[in-house]
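For reference, the chains in residue letters:
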Amino acid sequence: MTTFKVQPGDITVSLPDRLSQETFSSFKPFNKWLDQLTHSLALQARNPSHPFHSHPYSLRSITVQAFDMFGGSRLGFVKLTADVRNAAGETLPGAVFLRGPSVAMLVMLIPEGGESAEEERYVILTVQPRIAAGSLEFVELPAGMVDDAGTFAGAAAKEIQEELGLEIPASELRCLSDMAAASSSGTSTTGGATDKTKKNVTGQADDEESLPAAMYPSAGGCDEYIPIYMHERRVPRAQLEEWTGKLTGLRDEGEKITLKLVRMQDLWKEGGRDAKCLAAVALWEGLRREGKL
């Protein structure tokens, strides 16, 4: 087992065999998570109204228990435990699965020359195997992980092309998560994270946690957050029939995806098992009520 120190706080990190310090230290999801946690812990002392102000917690150590490599050379998933405790010895749950951010896409098609757009707005869903859920036909909103060098909008456009076969410039996508965050805080937003005017060296606001403007599907155990993007276009009615049942995905990477079209008004129940679907419905309907869409 390898051990080394990370800043701030001189925290001891323990790594399992076959995982080098260099590989782990360059893992962006870990660095993002550590920056966010460190910032949140620092707020305890700065804010007298913080619930933990009198007995603040601190990060004592990190132990990496397991990891998965993508393509044999790139670190993909990491399972670790973080020892977070206060002076009284009270601890906080610290089991963490690190995988980094993803993006989800609400792609809506409106048939030309039919009923009103309100009545006939269709959403493209994917049906694919999700072994972690024990399913071979899981219905969900199209989504994908964000590459190390990619942007959120760029990743969304890439996934739309790979999974749906649609080429949409990233500039034509609208981030519903950013729009909702801007609506509630009055701040400008960009790339799945709110853009504050008063920031520290990590890019976060000095007086609040400043989590990304995104949906966290499992905050109790996973760092993943998912900003939700939207695209809407009109298409010939005949083309709608071509989408349902269409096979897509990168077959050489194990993606076996079937497309499914559902009316927007039915999305809440057709995709009711998918957190991304439910979040997209809530954001879209809320923004429309406020006249933002």
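This report concerns the structure included in the present document. The structure presented is a predicted model; accordingly, all values stated were derived computationally and were not measured. Chains are numbered independently. Their residues run from 1 in the order of the written sequence. Reporting of local features is limited, given that this is a predicted model, to residues whose pLDDT is at least 70; pairs of side-chain atoms are given and counted only at 80 or more, and all residues count toward the totals for whole chains, interfaces and linings. Side-chain measures were taken over the full set of non-hydrogen atoms in the model, leaving aside hydrogen atoms and water.

### A few points about the overall build of the chain
Then step 1. Per the convention used, a helix needs a DSSP run of H or I reaching at least four residues, while a strand needs a run of E reaching at least two, with both numbered from the N terminus. Of regular secondary structure, the chain possesses seven helices and 16 strands.
Then step 2. Here the term buried applies to any residue with accessible area under 20% of the maximum for its type, exposed to any over 50%, and partly exposed to those in between, with areas from a 1.4 Å probe on protein chains only. Taken across its 293 residues, the chain has 43% of its residues classed as buried.
Then step 3. Working rule for contacts: check all heavy atoms of both residues, and any pair within 4.5 Å makes them a contact. Across the chain, contacts joining residues at least 24 apart in sequence account for 58% of those joining residues at least 6 apart.

### Concerning the nonpolar core
Then step 1. Among the nonpolar cores identified, the biggest contains 25 residues, and Val-103, Val-107, Leu-109, Ile-124, Ile-160 and Trp-243 are the most heavily contacted of them.
Then step 2. Looking at this core, the elements that each hand over two or more residues are strand E7 (102–111), strand E8 (122–130), helix H3 (152–164), strand E14 (228–235), helix H5 (237–243) and strand E16 (257–263).
Then step 3. In terms of residue count, the dominant contributor to this core is H3 (six residues).
Then step 4. Dropping the residues within four chain positions of it, Leu-109 is found in contact with Glu-120, Arg-121, Tyr-122, Ile-124, Arg-233, Val-235, Leu-240, Trp-243 and Leu-261. Residues enter a nonpolar core if they are buried and are Ala, Val, Leu, Ile, Met, Phe, Trp, Tyr or Cys, with the set joined through side-chain atoms within 4.5 Å.

### Points about the packing of aromatic side chains
Then step 1. Note on ring pairs: Phe, Tyr and Trp rings are taken, using the six-membered ring of Trp, and paired if centres are within 6.5 Å. Classes follow the plane angle, with under 30 degrees stacked, over 60 edge-to-face and the rest tilted. One pass over the structure, following the stated rule, counts seven aromatic pairs.
Then step 2. A ring pair is formed by Phe-70 and Phe-77, whose centres lie 5.0 Å apart and whose planes are at 85°; its orientation type is edge-to-face.
Then step 3. Through a chain of ring-to-ring contacts, three or more aromatic side chains come together here, namely Phe-24, Phe-30 and Trp-33.

### What to know about helix H2 (residues 28–46)
Structural remark: α-helix, 3.6 residues per turn; residues separated by three or four positions point the same way.
Then step 1. A helix's residues, less one, multiplied by 1.5 Å, set its expected span. With 19 residues, H2 ought to run about 27 Å at 1.5 Å a step, and its terminal C-alpha atoms sit 27 Å apart, in line with that.
Then step 2. Listing the buried residues of H2 in full gives Pro-29, Phe-30, Trp-33, Leu-34, Gln-36, His-39, Ser-40, Leu-41, Leu-43 and Gln-44.
Then step 3. As for H2, its buried residues are in contact with strand E1 (2–6), helix H1 (21–25), strand E3 (57–70), strand E4 (74–86) and strand E6 (95–98).

### Some thoughts on unusual backbone geometry
Then step 1. Cis peptide bonds are those with omega within 30 degrees of zero, and the linkage from Gln-7 to Pro-8 qualifies with -5°.
Then step 2. Mapped onto the secondary structure, Pro-8 falls in the loop between E1 and strand E2 (11–15).
Then step 3. Located in the positive-phi region is Arg-18, a residue other than glycine, with phi close to 80°.
Then step 4. Secondary-structure assignment places Arg-18 in the loop between E2 and H1.
Then step 5. Looking at Arg-18, the relative accessible area reads 76%, which means it is exposed.
Then step 6. The backbone of Ser-210 shows a phi angle near 55°, a positive value even though the residue is not glycine.
Then step 7. Among the secondary structure elements, Ser-210 is positioned in the loop between strand E13 (193–194) and E14.

### Brief notes about the pairing of strand E9 (residues 135–140)
Then step 1. Two strands are counted as paired when DSSP detects at least two bridges linking them. With four bridges connecting them, E8 and E9 associate as antiparallel partners. Opposite Thr-126, over in E9, you have Glu-140 as the bridge partner.

### Here's the deal with the environment of Gly-94
Then step 1. Locating Gly-94 in the fold gives a position in the loop between strand E5 (91–92) and E6.
Then step 2. As for Gly-94 and Gly-221, which are separated by 127 residues in sequence, their C-alpha atoms are 8.0 Å apart.
Then step 3. Discounting chain neighbours no more than four positions away, the residues touching Gly-94 are Leu-80, Thr-81 and Ala-82.

### A short note on helix H7 (residues 275–289)
Then step 1. With 15 residues, H7 extends 21 Å between its outermost C-alpha atoms, agreeing within 8% with the 21 Å of an ideal straight helix rising 1.5 Å per residue.
Then step 2. Following H7 by one or two positions, Gly-291 has its phi on the positive side, about 75°.

### Side note on the side chain of Gln-128
Then step 1. Residue position: Gln-128 is located in strand E8.
Then step 2. Using a relative accessible area of 6% as the deciding quantity, one classes Gln-128 as buried.
Then step 3. Any pair of N or O atoms that falls within 3.5 Å is considered a polar contact. Within protein, one atom must be able to donate a hydrogen and the other to accept it, and sequence-neighbouring residues count only if both atoms are side-chain atoms. Among the polar contacts made by the side chain of Gln-128, one reaches the side chain of Thr-126 at a distance of 3.4 Å.
Then step 4. Every residue in contact with Gln-128, bar those within four places of it in the chain, is listed here: Leu-136, Glu-137, Phe-138, Glu-140, Lys-256 and Ile-257.

### Comments concerning the side chain of Lys-276
Then step 1. You can see Lys-276 is positioned in helix H7.
Then step 2. Judged by its relative accessible area of 9%, Lys-276 is buried.
Then step 3. Here Glu-140 takes part through its side chain, which lies 2.9 Å from a polar atom of the side chain of Lys-276.

### Brief notes about the pattern of salt bridges
Then step 1. Take a side-chain nitrogen of Lys or Arg and a carboxyl oxygen of Asp or Glu: if they are within 4 Å of each other, that pair is a salt bridge. By the definition in use, this model includes ten salt bridges.
Then step 2. Between Glu-270 and Lys-260 there is a salt bridge whose closest N-O contact spans 3.2 Å. With Glu-270 in helix H6 (residues 267–270) and Lys-260 in strand E16, this pair connects stretches of sequence that are ten residues apart.
Then step 3. Its relative accessible area of 33% is what places Glu-270 among the partly exposed residues.
Then step 4. Via salt bridges that share partners, Arg-130, Glu-140, Asp-274 and Lys-276 belong to a single interconnected network.

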